[in-house]
Amino acid sequence: MSAGAALIGPDGAPRCPWALSTPDYVTYHDEEWGRPVHGDDALFERLSLEAFQSGLSWITILRRRPGFRAAFAGFEIAAVAEFTDADRERLLADTGIIRNRAKIDATLANARVLAGWAPGDLDALIWSHAPDPAGRPAPKTLADVPAVTPESTALSKALKKRGLRFVGPTTAYALMQACGLVDDHLESCVARRG
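Every value quoted in this text rests on a predicted model; they were computed, and no experiment measured them.

### Things to note about the overall build of the chain
- Within the chain one finds nine helices and two strands.
- The C-alpha radius of gyration computed for the chain amounts to 17 Å, which stays within 12% of the reference 16 Å derived for 194 residues, consistent with globular compactness.
- When the backbone C-alpha atoms are referred to their principal axes, the chain occupies close to 55 × 35 × 25 Å.
- Counting contacts in the chain only where the partners sit at least 6 residues apart, residues at least 24 apart contribute 66% of the total.
- Within the structure as shown, the chain displays about 9,000 Å² of accessible surface, and the carbon and sulfur contribution to it stands at 55%.
- Side chains of the chain give 22 positive and 24 negative charges; the mean places of these two sets differ by 5 Å.

Have a look at this one:
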């Protein structure tokens, strides 16, 4: 079997190798990663969490997601946009999240920017950068999965142009994977769509 090829899990089903390192990953992989996500608040949450993940392992963020949701008002854009300096200080002291000042400030700033957009604009902008699936062969191994694509670079530029922060091409591609704009489940993975 090639390095990075799908592995057989305890239930006998083949999965992307990264999914088998912890039960938290199995659930996330099988039920969430690569599934289409729509809605401005839902996409704001994913975008924010991908930014917090930068430089860390995804499992760190995944295990703290309930804390993030509590700390950031369920990632409701309108609510987070109204956060005050006192809320910022509360976030910086919250051990249930990643207390990175730059990432917290970016999340608050992004919410304020997004609060000025029309409903559905974030969803439309992100999904307008989904590549044609016909032009993307299913990856056979993890080596076939890119970290950045022309589409993620374009999405990053579009988000930055509209005033968002912590949205580089790698973060944009991770968002595209997590939200189903691309299906990077390996060819033999049980979770791969049609």
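Alright, that's what it looks like, and here's the rest.
### Points about the packing of helix H2 (residues 40–53) against helix H3 (residues 58–71)
- The geometry of H2 relative to H3 is characterised by a closest axis approach of 10 Å and an angle of 130 degrees between their N-to-C directions. When the axis of H2 is compared with that of H3, the two are oblique. When you trace H2 past H3, the crossing you get is right-handed. Listed contacts from H3 to Glu45, Arg46, Leu49, Glu50, Phe52 and Gln53 of H2 are Trp58, Ile61, Arg65, Phe68 and Arg69.
- Its residues assigned to classes, the contact of H2 with H3 comprises five nonpolar, one polar and five charged.

### Thoughts on the UniProt feature "binding site: Zn(2+)" (unreviewed entry) in the chain
- In this structure's numbering, the residues bearing the UniProt feature "binding site: Zn(2+)" (unreviewed entry) are Cys16, His29, His185 and Cys189. In terms of the greatest pairwise C-alpha distance, the residues named above, spread along 174 residues, form a tight cluster of at most 10.2 Å across.
- Counting through the fold element by element, His29 comes out in helix H1 (residues 23–31).
- By relative accessible area, which is 0% here, His29 ends up buried.
- With residues up to four places along the chain from it excluded, the contact list for His29 reads Arg15, Cys16, Trp18, Ala19, His185, Cys189 and Ala191.

### As for the environment of Arg65
- Along the polypeptide, Arg65 turns up in helix H3.
- Judged by relative accessible area, Arg65 falls into the buried class, the value being 11%.
- When the C-alpha atoms of Arg65 and Cys189 are compared, they prove to be 25 Å apart, with 124 residues separating the residues in sequence.
- Excluding residues within four positions of it along the chain, Arg65 makes contact with Tyr28, Glu32, Glu45, Arg46 and Leu49.

### Structural notes on the side chain of Arg46
- Among the secondary structure elements, Arg46 is positioned in helix H2.
- Judged by relative accessible area, which is 15%, Arg46 ranks as buried.
- In this structure the side chain of Arg46 is engaged in a polar contact, spanning 3.1 Å, whose partner is the backbone oxygen of Ala42.

### Regarding the nonpolar core
- Ranked by internal contacts, the top residues of the largest apolar core, which has 46 residues, are Phe44, Phe68, Phe72, Leu91, Leu122 and Leu159.
- For this core, the leading source of residues is H3, giving six residues.
- With near-sequence residues (within four places) excluded, Phe44 lies in contact with Phe75, Ile77, Val80, Thr107, Asn110, Ala111, Leu114 and Leu122.
- Grouped together as the second largest cluster of nonpolar side chains are five residues, Ala6, Leu186, Cys189 and Ala191 included.

Rules used in this analysis
Residues numbered from 1 in each chain as written. Predicted model: local features only at pLDDT ≥ 70, side-chain atom pairs only at ≥ 80, totals over all residues. Heavy atoms only, no water. Helix = DSSP H or I, 4+ residues; strand = E, 2+ residues; numbered from the N terminus. Rg over C-alpha atoms; globule rule 2.2 N^0.38 Å. Contact = heavy atoms within 4.5 Å. Areas by Shrake-Rupley, 256 points an atom, 1.4 Å probe, with all protein chains shown as cover. Lys, Arg positive; Asp, Glu negative; His and termini not counted. Charge placed at Lys NZ, Arg CZ, Asp CG, Glu CD. Axes fitted to C-alpha atoms, helices over the stretch in contact; angles between N-to-C directions. Parallel < 35°, antiparallel > 145°, perpendicular 65-115°, else oblique. Left-handed = near helix turned anticlockwise from the far one by under 90°. Nonpolar A, V, L, I, M, F, W, Y, C, P; charged D, E, K, R; others polar. UniProt positions renumbered as here; feature names shortened; annotations may be inferred. Buried < 20%, exposed > 50% of the residue type's maximum accessible area, 1.4 Å probe, protein only. Polar contact = N/O pair within 3.5 Å; in protein donor to acceptor, adjacent residues only side chain to side chain. Core = buried A, V, L, I, M, F, W, Y, C linked by side-chain atoms within 4.5 Å.

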